[in-house]
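Each chain is listed here by its residues.
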Amino acid sequence: MSLSIHSDEHYMKQALKQAEMAYEKGEVPVGAVVVVENTIIAKSHNMTEQLTDVTAHAEMLAITAAFDAIGGKYLNECTLYVTLEPCVMCAGALFWAQLGRLVYAAEDPKRGFSLHPKKILHPRTETDHGLLKSQSEELLRQFFARLR
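It should be emphasised that the depicted structure is a prediction, and the values quoted were computed from it without experimental measurement.

A. Quick look at the UniProt feature "binding site: Zn(2+)" (unreviewed entry) in the protein. In this numbering, the UniProt entry assigns the feature "binding site: Zn(2+)" (unreviewed entry) to His-57, Cys-87 and Cys-90. These annotated residues cover 34 residues of sequence, and their C-alpha atoms all fall within 9.2 Å of one another, placing them together at a single site. With respect to the helices, strands and loops of the structure, Cys-87 is situated in the loop between β3 (79-84) and α4 (88-97). Excluding its chain neighbours within four sequence positions, the residues that come into contact with Cys-87 are His-57, Glu-59, Arg-111 and Phe-113. Mapped onto the elements, Cys-90 comes out in helix α4. Once you skip the residues sitting within four places of it in the chain, Cys-90 turns out to touch His-57, Glu-59 and Met-60.

B. Structural context of the packing of aromatic side chains. This structure, assessed with the given rule, holds 5 aromatic pairs. When the ring of Tyr-23 is compared with that of Phe-143, the centres are 6.2 Å apart and the planes differ by 65 degrees; the resulting orientation is edge-to-face. Remark: Phe-143 occurs in helix α5 (residues 133-147) and Tyr-23 occurs in helix α1 (residues 8-24); sequence separation between them is 120 residues. No difference in accessibility class separates Tyr-23 from Phe-143, as the two residues are buried. Judged by its relative accessible area of 3%, Phe-143 falls in the buried class. Among the aromatic residues, ring-to-ring pairing joins Tyr-23, Phe-143 and Phe-144 into one connected group. Sitting over the face of the ring of Tyr-23, Arg-146 holds its NZ or CZ atom 4.3 Å from the ring centroid.

Criteria and cut-off values
Within every chain, residues take consecutive numbers counted from 1 along the sequence as written. Local features in a predicted model are, by the rule used here, given only for residues with pLDDT of at least 70; side-chain atom pairs are given and counted only at 80 or more, and totals for whole chains, interfaces and linings are based on all residues. To obtain the side-chain values, all non-hydrogen atoms of the structure were used and water was disregarded. UniProt positions are given in the numbering used here, feature names are shortened, and annotations may be inferred rather than shown by experiment. Strands here mean DSSP runs of E at least two residues long; helices mean DSSP runs of H or I at least four residues long; both are numbered from the N terminus. Only heavy atoms enter the contact rule, under which two residues are in contact if any of them lie within 4.5 Å. Paired rings are identified among Phe, Tyr and Trp, the last through its six-membered ring, by centres lying within 6.5 Å, and are further divided according to the angle between planes into stacked (under 30 degrees), edge-to-face (over 60) and tilted (the rest). Buried means the residue's accessible area, taken with a 1.4 Å probe over protein chains only, is under 20% of the maximum for its type, while exposed means over 50%, and partly exposed covers the values in between. Any Lys NZ or Arg CZ that is within 6 Å of a ring centre and within 35 degrees of that ring's normal is treated as a charge sitting over the ring.

Written out as structure tokens, the structure is:
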């Protein structure tokens, strides 16, 4: 593997680092990175508490930063790595962005987009899930145990 080409696992580990940053700030530990041509062009984590904004999910912040980085509104050549399955709001934004590929670690059995009876993502968006699932789930478990 060359220095410029990384694996899906490498990028998901970068998303997990973002989730850990969210955890340290008292945010639900979800992290996201956007990659194009083997380069991370955007990264973020949940900031709903910090920004007092219910839409400040990791995915939303990361795709906004990615739009700025590429100077356009379509992410059809990009891959989003996120530690938790996107919610319906985020999936809707990913649809409009025409995201090329989505890779998420843990499923969200309560609020994940895959629970929706209709396909929410763009028809050309490829999806993969389960990569580093246990690490993501453990971080979420620790966070919610700390709240109880």
